[in-house]
Amino acid sequence: GYTLGSLQESDVGLTAQLTLAGLACNAFGLDISDLTIEVTYQSQSTLHVKIYDTANQQFTIPESVIELPAAPTTSYTSNSDLIFNYDATPFAFWITRRSEPDAMPLFDTRTSSLPPTPIPPFNGSDPSTAFDGFPLVFEDQYLQVASALPYGTNIYGLGEVIASSGFRRDIGTDGGVGTIQTHWARDVADPIDQNMYGSHPVYVEHRYNATTGKASASGVLLLSSAGSDIFLQTPPNSKVSLIEYRLIGGIMDFYFFSGPSDAEVIAQYGSVIGYPMWQPAWGFGFHLCRWGYHNISDDIENVAQMRAAGIPLEVQWNDIDLYHAYRDFTTDPVSFPGNELRAFIRELAANNQHYIPIVDVGIAVTVNSTDVYDPFTRGVEEDVWIKNPDGSLYLGQVWPGYTVYPDWFSENMLSVWTEGLRNWTEMGVEFSGIWLDMNEPSSFCSNSCGTGANYSALPPLSVAGTVVTGYPECYNETIWGPSGNMTINGTSTNSCAVSSTTTTVVERRGVGAGGEQGVNLNSPPYAIHNAIGSLNRNTLATNATHFGGYAELDVHNMFGFMEEKTTHLAIQSIIPGKRPFLISRSTFPSAGKWTGHWLGDNFSKWQYLYLNIQGVLQFQIYQIPMVGADTCGFNGNTDEELCNRWMQLSAFVPFYRNHNTYAALPQEPYRWASVANASRIAIAARYTLLPYWYTLFANSSIAGLPPVRALFYEFPDEPELFTVDRQWLVGSDILVTPVLTPGATTVDGIFPGRGSVIWRDWYTHAAVNATSGGNTTLDAPISHINVHIRDNSALLLHQEPGYTIYETREGPYSLLVSLNAAGTAFGTAYVDDGISFPPGPSRSLTFQAAEGTLKIASKGEYAILQKLETITVLGVQKPAQVSFQGSLADGWTYKEATEELVVSNASVDLNGQFTLAWK
């Protein structure tokens, strides 16, 4: 451990020296004897604790990569919500709330607070799962710190992960086995309980006090790009649970957030790493993609089929089929000739539709002296490719053959990347946004496999002859053939028992899971639990070298994020004055400033329909709210029933894209009549709700508030909600309860509020007779997704959902007010042009109802041209008269069954104030 000395206090916090006590143990590296600790009371709600080597030799994330808040100009040391406490010998610290000095600390590294050690391995075959002691360890290649947590507390985050335990992480209580969350970015088809594409070492703790019946939330960020294991565990007979961080480099850079609500914790995290980018309105439309649109004719046909079926299509995408020999920034001269592609994209644009192509991360090398490939050559000239330690080009392998990798630290990288994208648009690829893939970064070989190789001996990979087998859990293709239809000749194809609500678990294990064996010299002494083994497998070697002398080992987890930032800045200069739209795979803290995210290569299984909900909820914590899964599933074949349910579910998450793998059964929403019908219904609801979605995302970009919420965020004191991840809330007012099992005609869902909230059906406006604190069974025939409106809400809506977002926005507004038992309602809306960057003039609307009066207030510079035509108020006793701006109105109707007052043809100008009254 360490001893604290040379303490200096200031207006903003304190600084001190930590000196190694006793002999160095050099467990997995060399102990660093002199450390500095800086404690900064960053704001009322945020406390920054940074422990680093005094000599500044350890890797620290450069300010140029992530812009962090400046030192505060106001002193919060005496009134901050959080207090930093410490023991000098041996050094330990703990964080408490000022309002609850005697409560269990939010974070506590004292050995006396943690379980007694040694604790034997909780996985008998893995010695590294033991806890021999809990000292603070700070070595050049190994850092360790642990904190006690309340027994069985609720932890969320620490991804990216698909956790078998659900959105709430397994902390080793209630029959759980605990968690080892490894952070090492990795290209792998959506595995369960393994490290995958992104790294987000941040968590929200929702701490419930069973005595008082009250909960409060707090959060912890360890801002580090180091490979790491984070353990959540409760040893046998322990009265506390614990979290332990084990890092293989860098420093300890902690931020603590006081909440006390979950949404506030998420917002406070955003204030440190940056709020999410402004989304263009068209980004909320329906996106369609597959690997296997073989040529421009496939694209044209697809767009025509979607329109013929009356299913709105906002954005047509292309995967790597677009490329010539799988090379970035090219188009295939035969299948996607530039002039034809340009004409197609301009036709889309004329119809207010958009186009997005893929950009893979590996840049092909020229194979011989006659091979001309400008992006590679320009990068060599400008010296922007990652190197081997000897200064030669690092050569991995991706789709085109041998490839180099962009060095995002290079000062010339932005100009070369921008040039590549700009030249591509001039060849005909006039994109509206960009899809970034393979940016963990992915390589199909280990180490610099192209060094010294014959480049022309490795042709581009071929997918010719690919056959996709496998269907969703309850479809048996050996009986029913390859169609995936729900019925064949009137007979149901569901091969599961009707009563079944369980889903099959598909576990894909990495090779050498645990990664204890085969540690090579390029691997750090402590082997993190990278599920594929060596850190160099299927990615860049850890000794690959970046501009500035950085080793890949230290910066690996930031590769995708740095590409996202560079690409975002490039698009800003190529399409000036408009908001970039990006979707990307590998992410890191602050990626949401630059990109959205899709949940990677999932499977066409009912299990993954359920699992994508926790993914969407996780990425709200990570401040990357524009997120969604490959709808209907990517790997394997989908079927009619699964695609029907998935097209409906995804209509209520932020990023809505149907995407499919090469050679799998086609799954565009027009392929089955029932799916087309389900899609039209769901997309109409989505586009109607667009002003609400848009307002939620504005609040995210302005204040970091999460657009999609777990139920307990809004109802924090109801423990029955803490594990709910089969339902979610859009904002605070829309509850979504999807069907997640095959063959179902009903669905069980919980209605939060324990009877204190009136939940009304989105489609019928009828109030739900809900069970208090338990499940309610709802009808859910095929093509129907249950959606409910919370009381005390007022939602601005588009009255006439159109084929595109542009047409929808051009049409009139409606207002849906849902009164609570006291007769009140409140809502807001943020309106602007939906595209300008930086955001231009806007208008903020406030809707307030009480005592039989609805008031609309409006402020801002943006002029709303569309009128508010229909006002619907739910929960009204039958009025004798209705007045409009003080004058009696006659254009109103009343529905007794739903206590529904409807005022039609109102033509309200939303740029002014307005009053509606009933009595």
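Please read all numbers here as calculations on a predicted model, not as lab measurements.

Chemist: Just to check I follow, could you spell out helix α10 (residues 640-650) for this structure?
Modeler: An α-helix turns once per 3.6 residues; consequently, residues spaced three or four apart project the same way. Counting buried positions over the eleven residues of α10 gives eleven, a clear majority of the element. Buried residues along α10 sit in contact with β24 (487-488), α9 (606-621), β29 (630-631), β30 (657-658), α11 (673-688) and β32 (728-730).

Chemist: Whenever I open this one, the packing of aromatic side chains confuses me. Can you help?
Modeler: Each aromatic ring pair is described using two quantities: the centre-to-centre distance and the angle formed by the ring planes. Following the criterion strictly, the structure yields 53 aromatic pairs and no others. Aromatic side chains Tyr326 and Trp399 sit 5.9 Å apart centroid to centroid with 50° between the ring planes, which places their arrangement in the tilted category. With Tyr326 in the loop between β18 (315-318) and α3 (338-350) and Trp399 in the loop between β21 (396-398) and β22 (401-404), the pair connects residues that are 73 residues apart, well separated along the chain. A residue is classified by how much of its surface remains accessible, and Tyr326, at 15% relative accessible area, is buried.

Chemist: Even after reading the chapter, I still don't get the sheet that holds strand β10 (residues 154-157), so can you show me in this structure?
Modeler: Pairing between the strands of a sheet is mediated by backbone hydrogen bonds and can be parallel or antiparallel. One open sheet accounts for eight strands, arranged β1-β2-β3-β4-β16-β13-β12-β10; its pairing is antiparallel. Where the open sheet ends on each side, the last strands, each with one partner, are β1 (2-9) and β10. Sheet twist, expressed as the average angle between the axes of neighbouring strands with direction ignored, equals 20°. In the sheet, strand β2 (residues 13-20) pairs with strand β3 (residues 34-41) via seven bridges, with the strands oriented antiparallel. Looking across to β3, one finds that Ala16 is bridged to Ile37. Contacting β4 (46-53), β12 (202-209), β13 (214-222) and β16 (252-257), helix α1 (residues 262-273) crosses the sheet at an angle of about 20° to β13.

Chemist: Which parts of the structure should I look at to understand unusual backbone geometry?
Modeler: Trans peptide bonds make up the majority, and among non-glycine residues the majority have a negative phi. The linkage connecting Thr117 with the following residue, Pro118, adopts the cis geometry, with an omega of 5°. With respect to the helices, strands and loops of the structure, Pro118 is situated in the loop between β7 (107-108) and β8 (137-138). Glu160 follows Gly159 through a cis peptide bond whose omega is 10°. Along the chain, Glu160 falls in the loop between β10 and β11 (179-183). Here the phi dihedral of Met438 falls at roughly 65°; this positive angle occurs in a residue that is not glycine. Note that Met438 resides in the loop between β23 (434-437) and α6 (477-480).

Chemist: I'm lost on the state of the cysteines in this one. Help?
Modeler: The bond known as a disulfide is covalent and runs between the sulfur atoms of two cysteines. One pass over the full model with this rule turns up three disulfides. A sulfur-sulfur separation of 2.0 Å characterises the disulfide bridge that pairs Cys445 with Cys449. Taking the sign of the torsion about the S-S bond as the criterion, the disulfide between Cys445 and Cys449, at about -70°, is left-handed. Overall, Cys445 belongs to the buried group, its relative accessible area being 12%. Between the sulfur atoms of Cys632 and its disulfide partner Cys643 the distance amounts to 2.1 Å. Between Cys632 and Cys643, the disulfide has an S-S torsion of 75° and is therefore right-handed.

About the cut-offs
- Residues numbered from 1 in each chain as written.
- Predicted model: local features only at pLDDT ≥ 70, side-chain atom pairs only at ≥ 80, totals over all residues.
- Heavy atoms only, no water.
- Buried < 20%, exposed > 50% of the residue type's maximum accessible area, 1.4 Å probe, protein only.
- Helix = DSSP H or I, 4+ residues; strand = E, 2+ residues; numbered from the N terminus.
- Contact = heavy atoms within 4.5 Å.
- Phe/Tyr/Trp six-rings, centres within 6.5 Å; stacked < 30°, edge-to-face > 60°.
- Pairing = 2+ DSSP bridges.
- Axes fitted to C-alpha atoms, helices over the stretch in contact; angles between N-to-C directions.
- Disulfide = S-S within 2.5 Å.

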